[in-house]
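The chain contents come next:
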Amino acid sequence: MSSREPARLDSCDPRQEVKVESGFLNLYTSADKTCRFGGTGSCREQLLHEVSRLIDSGDSHSDTSITLPGHSMAGALAMLLAYDLAELGLNRTATITVFSFSPCVLD
């Protein structure tokens, strides 16, 4: 059974028409402070931090591209990250590509 809810990744423009499977969205946005890997925030926070770090450390004169591969759950997370990066406007300065072998995540 499908349980989709609005993505709401951009607080300035929540775009109610974009729906995401609630389990994947919860996994992407929830932080587990008791995690044995440091409790450093949600998957979203960690990925956005790392992408920002990589882009900031890159050569500003070269073309930037981001390729996100994934299978199954990782494919779903790759799709959510790509959507999130595009909503944040990163697709204006970098090419974002997803290779996903996963269930349908976004509508």
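Residues numbered from 1 in each chain as written. Predicted model: local features only at pLDDT ≥ 70, side-chain atom pairs only at ≥ 80, totals over all residues. Heavy atoms only, no water.

### Digging into the side chain of Asp 84
Selection rule: Each helix is a run of DSSP H or I of at least 4 residues and each strand a run of E of at least 2, with the numbering of both proceeding from the N terminus. In what follows, a contact means two residues having at least one pair of non-hydrogen atoms within 4.5 Å.
Tracing the backbone shows Asp 84 in helix H3 (residues 73–87). If sequence neighbours within four positions are ignored, Asp 84 has contacts with Leu 9, Tyr 28, Arg 44 and Leu 48.

### Observations regarding the pairing of strand S4 (residues 94–101)
Our working definition: One requirement defines pairing of two strands: DSSP has to find at least two bridges between them. Convention used here: a crossover is right-handed provided that the path from the first strand, over the helix, to the second strand proceeds clockwise when the strands point away from the viewer.
Two elements, strand S3 (residues 64–71) and S4, share eight bridges in a ladder whose sense is parallel. Bridge pairing in S4 links Ser 65 to Thr 95. Tracing the backbone out of S3, into H3 and back to the parallel element S4 gives a crossover that is right-handed.

### Quick look at the packing of helix H1 (residues 22–29) against helix H2 (residues 43–57)
We apply this condition: Axes here mean lines fitted to C-alpha atoms, for a helix over just the part in contact, with angles spanning 0 to 180 degrees between N-to-C directions. Any angle from 65 to 115 degrees is called roughly perpendicular, while one under 35 is roughly parallel, one over 145 is roughly antiparallel, and all others are oblique.
Put simply, H1 and H2 touch, their axes get as near as 5 Å, and they point 60° apart. Of the possible angle classes, the one that applies to H1 and H2 is oblique. Within the contact between the two elements, H1 uses Leu 27, Tyr 28 and Thr 29 and H2 uses Cys 43, Arg 44 and Leu 47.

### Some words on the environment of Glu 21
Heads up, the rule is: Exposed residues in this analysis have more than 50% of their type's maximum accessible area, buried residues have under 20%, and partly exposed residues fall in between, with area computed by a 1.4 Å probe over protein chains only.
Turning to its location among the elements, Glu 21 is positioned in strand S2 (residues 19–21). Look at Glu 21 and you get buried, because its relative accessible area is 15%.

### Brief notes about the packing of H2 against H3
Definition in use: A crossing counts as left-handed when the near helix is turned anticlockwise from the far one by less than a right angle, and as right-handed when that turn is clockwise. Here the nonpolar group is Ala, Val, Leu, Ile, Met, Phe, Trp, Tyr, Cys and Pro; Asp, Glu, Lys and Arg are the charged ones; every other residue, Gly included, is treated as polar.
Running from N to C, H2 and H3 cross one another at 60°; their axes reach a closest spacing of 11 Å. The angle between the axes of H2 and H3 places the two elements in the oblique class. In the crossing of H2 with H3, the sense of the turn from one axis to the other is right-handed. Facing Cys 43, Arg 44, Leu 47, Leu 48 and Val 51 of H2, the residues of H3 in contact are Leu 77, Leu 81, Asp 84 and Leu 85. Here the contact of H2 with H3 is composed, by residue class, of seven nonpolar, no polar and two charged.

### Structural notes on the pattern of salt bridges
Just so we agree on the cut-off: Note on definitions: salt bridges are taken to be side-chain nitrogens of Lys or Arg within 4 Å of carboxyl oxygens of Asp or Glu.
Scanning the model with the defined rule gives three salt bridges in all. Two residues, Arg 4 and Glu 21, come together in a salt bridge whose shortest N-O distance is 3.2 Å. On the criterion of sequence distance, the pair formed by Arg 4 in strand S1 (residues 4–6) and Glu 21 in strand S2 is long-range, its members being 17 residues apart. The partner of Arg 44 in a salt bridge is Asp 84, with the nearest N and O atoms 2.5 Å apart. One end of the pair, Arg 44, is in helix H2; the other, Asp 84, is in helix H3, and 40 residues separate them in sequence. Asp 84 gets classed as buried once you look at its relative accessible area, which sits at 1%.

Just geometry here; none of it tells us what the structure is for.
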